[in-house]
Amino acid sequence: MTILSTDTSCDETSVAVTRGNIIISNVLWSQASMHSEYGGVFPSLAKRAHEEHIDWVIAKAIKKAFPSSQSTISHLLTTKIDAIAVTVGPGLAIALEVGINKAKELAQTYNKPLVPVNHVEGHLLSVLAKPNTPKSAHHTPLTTHHTLLFPAFSLVASGKHTDLILVKGIGEYEIIAHTIDDALGEALDKAARMLGLGYPGGAILEKFAKKGDTKKYALPTPLAGQKERMEFSYSGLKTAFYRLTEKVKKGKALSKKQIYDLAAVFQDTAFRHVENVVVEALNKYPDTKSFFFGGGVSANTKLRKRLRKICRKKDVELLVPYSKTLCTDNAGMIGVVAGYKLKKGEFLSPKNVNKIDREPRAKINYPFLT
Ligand code: KG4
Ligand code: ZN
């Protein structure tokens, strides 16, 4: 089954063509630079930009997937695509709506089944995606309860989510820890902003942190000594970081060296909190076979390394997405989820597509099809 999927949950207009876990094309139009002056995503701007670009991104994803074909986009949709998938939540309501309306239109026009997908499940399963190589053409997607992988843990860490999820099998999830205030990516973005590094700041902060000294200053590790809480919290750290930055500044502009050190200290403290929760969870669930790490923050080399070290000690395999595009928002991961859902019969027929609507606050287990 070849699936065309779209994701317009935030500030990336993305469309992909996938087959099982294989990413055939994964195209995105990023609006990040448009939103940078607001220091976050501006919803009505996002909606308009999605509307302006979605047809172009769909055409590009299809052309990329079938490069030697001379056929029109419409003909390729009719003959080569078996199903349409779309992110219905969580995300920005008016942004989600653009992708949902387009997906409904495609499903009805081309008479294809429509698969509604949860964005967080997309990040969760992004680690199972495979590139489109001659070797992967013979690859059979994992079964939903593959004994070498499950039970697994998944950490989905992005600008909006910080969820540690117990994965009993594909489609069987239990949230073990979530953030009670800011998300990890959001905290990294805010820290980057305080240092004048722009938005979104996670990746820039990582670069600056590499040159800094993690021991130069001290910040309190969130929820230190409160193992039993199994929660994430970044808002107190953000306030402590603001105070520290002001103290270091002494009313002047920060030097390069000070920015490097502050970035290193913030990142190190934020990641130590992640480690503490992950270690506790792995202690509580000793049967864990693998650890999935997805979402924008999973692009961070340092945090990957630190999680890999923890996992190695517990004989747990760490899985991360095979490319950075698959870490941040993209439609490829939505296609991977849809591949499993189609097999399980979790889709709508073209005449029933209006049964789904945007679900901006949907949690991982939200039932879109009831
Ligand atoms: O998954 P994503 O694209 O969007 C959401 O669903 O939120 O994640 C975006 C987040 C931003 O907070 C961004 O700063 C962070 O992922 N991010 C990173 C890195 N690349 C992106 N954080 C740390 N290190 C990175 N290399
Ligand atoms: Zn996301």
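Note that the structure is predicted; figures quoted are calculated from it, not measured.

**What to know about the sheet that holds strand E4 (residues 83-89)**
Paired through backbone hydrogen bonds, the strands of a sheet run either parallel or antiparallel to each other. Strand order in the open sheet made by the 6 strands is E5-E4-E1-E2-E3-E6, with mixed pairing throughout. Looking along the sheet, the strands with just one partner apiece sit at the ends: strand E5 (114-118) and strand E6 (130-131). Of the pairings in the sheet, the one linking strand E1 (residues 2-7) to E4 comprises 4 bridges and is parallel in character. In the sheet register, serine 5 faces E4, and the bridge partner there is alanine 85. Contacting E1, E4 and E5, helix H4 (residues 93-109) runs over the sheet at an angle of about 155 degrees to E4.

**Details of the pairing of strand E7 (residues 152-157)**
Burial analysis of E7 places 6 of its 6 residues in the buried class, the great majority of the element. With burial as the criterion, each face of E7 is covered, one bearing Ala152, Ser154 and Val156 and the other bearing Phe153, Leu155 and Ala157. Counting the residues between successive antiparallel strands, the hairpin from E7 to strand E8 (residues 162-169) contains 4 residues. Sheet topology note: the E7/strand E10 (residues 290-294) ladder contains 5 bridges and is parallel. Opposite phenylalanine 153, over in E10, you have phenylalanine 291 as the bridge partner.

**With respect to the domain arrangement of the chain**
For the chain, the assigned domains are domain 1 (2-129 + 324-355) and domain 2 (152-319). For domain 1 and domain 2, the distance between their C-alpha centroids amounts to 28 Å. Counting from both sides, the interface comprises 22 residues of domain 1 and, opposite them, 23 residues of domain 2. A combined buried area of about 1800 Å² lies between domain 1 and domain 2, and 71% of that area is made up of carbon and sulfur atoms. Taken as a group, Leu124, Val127 and Cys327 account for 30% of the area that domain 1 buries against domain 2, more than any other trio of residues on that side. Connecting domain 1 to domain 2 are 0 salt bridges. Our enumeration of links across domain 1 and domain 2 arrives at 3 residue pairs in polar contact (both at pLDDT 80 or more). Ranked by the residues each element gives to the side of domain 1 that touches domain 2, the list is headed by helix H5 (residues 119-125), at 6 residues. Split by residue class, the side of domain 1 that touches domain 2 holds 12 nonpolar, 7 polar and 3 charged.

**Some points on the layout of surface pockets**
Roughly 1300 Å³ of internal volume is contained in the largest pocket. Surrounding the largest pocket, 46 residues form its lining, Ser158, Gly159, Lys160, His161 and Glu186 being those nearest its centre. Taken together, the elements giving at least two residues each to the lining of the largest pocket come down to H5, E8, strand E9 (172-178), helix H6 (184-194) and helix H7 (202-210). The leading source of residues in the lining of the largest pocket is H6, at 6 residues. Class assignment for the residues of the lining of the largest pocket results in 16 nonpolar, 17 polar and 13 charged. Counting the residues that make up the lining of the largest pocket, at least three belong to each of domain 1 (2-129 + 324-355) and domain 2 (152-319).

**So, the site of ligand 1**
Around ligand 1, 18 residues are found, and the nearest of them are Gly159, Lys160, Asp189, Glu206 and Asp329. Here an oxygen atom of ligand 1 sits 3.1 Å away from a polar atom, N or O, in the main chain of glycine 296. In this structure, asparagine 300 approaches ligand 1 through a side-chain N or O atom, which is 3.0 Å from a nitrogen atom. The site holding ligand 1 turns out to be the largest pocket. The class makeup of the residues in the shell around ligand 1 is 5 nonpolar, 9 polar and 4 charged. Counting contributing residues, the shell around ligand 1 receives three or more from each of domain 1 (2-129 + 324-355) and domain 2 (152-319).

Reading guide: rules and limits
- Residues numbered from 1 in each chain as written.
- Chains lettered and ligands numbered in written order.
- Predicted model: local features only at pLDDT ≥ 70, side-chain atom pairs only at ≥ 80, totals over all residues.
- Heavy atoms only, no water.
- Pairing = 2+ DSSP bridges.
- Helix = DSSP H or I, 4+ residues; strand = E, 2+ residues; numbered from the N terminus.
- Contact = heavy atoms within 4.5 Å.
- Axes fitted to C-alpha atoms, helices over the stretch in contact; angles between N-to-C directions.
- Buried < 20%, exposed > 50% of the residue type's maximum accessible area, 1.4 Å probe, protein only.
- Domains from an automatic or database assignment.
- Buried area = accessible area lost by both parts, 1.4 Å probe.
- Salt bridge = Lys/Arg side-chain N within 4 Å of Asp/Glu carboxyl O.
- Polar contact = N/O pair within 3.5 Å; in protein donor to acceptor, adjacent residues only side chain to side chain.
- Nonpolar A, V, L, I, M, F, W, Y, C, P; charged D, E, K, R; others polar.
- 1 Å grid on protein atoms, 1.4 Å probe; cavity = no way out; pocket = protein on both sides within 12 Å on 5 of 7 lines; lining within 4 Å.
- Points joined across faces, edges and corners; volume = space filled by probe spheres on them.
- Near = heavy atom within 4 Å.
- Sits in = over half its atoms within 2 Å of the grid points.

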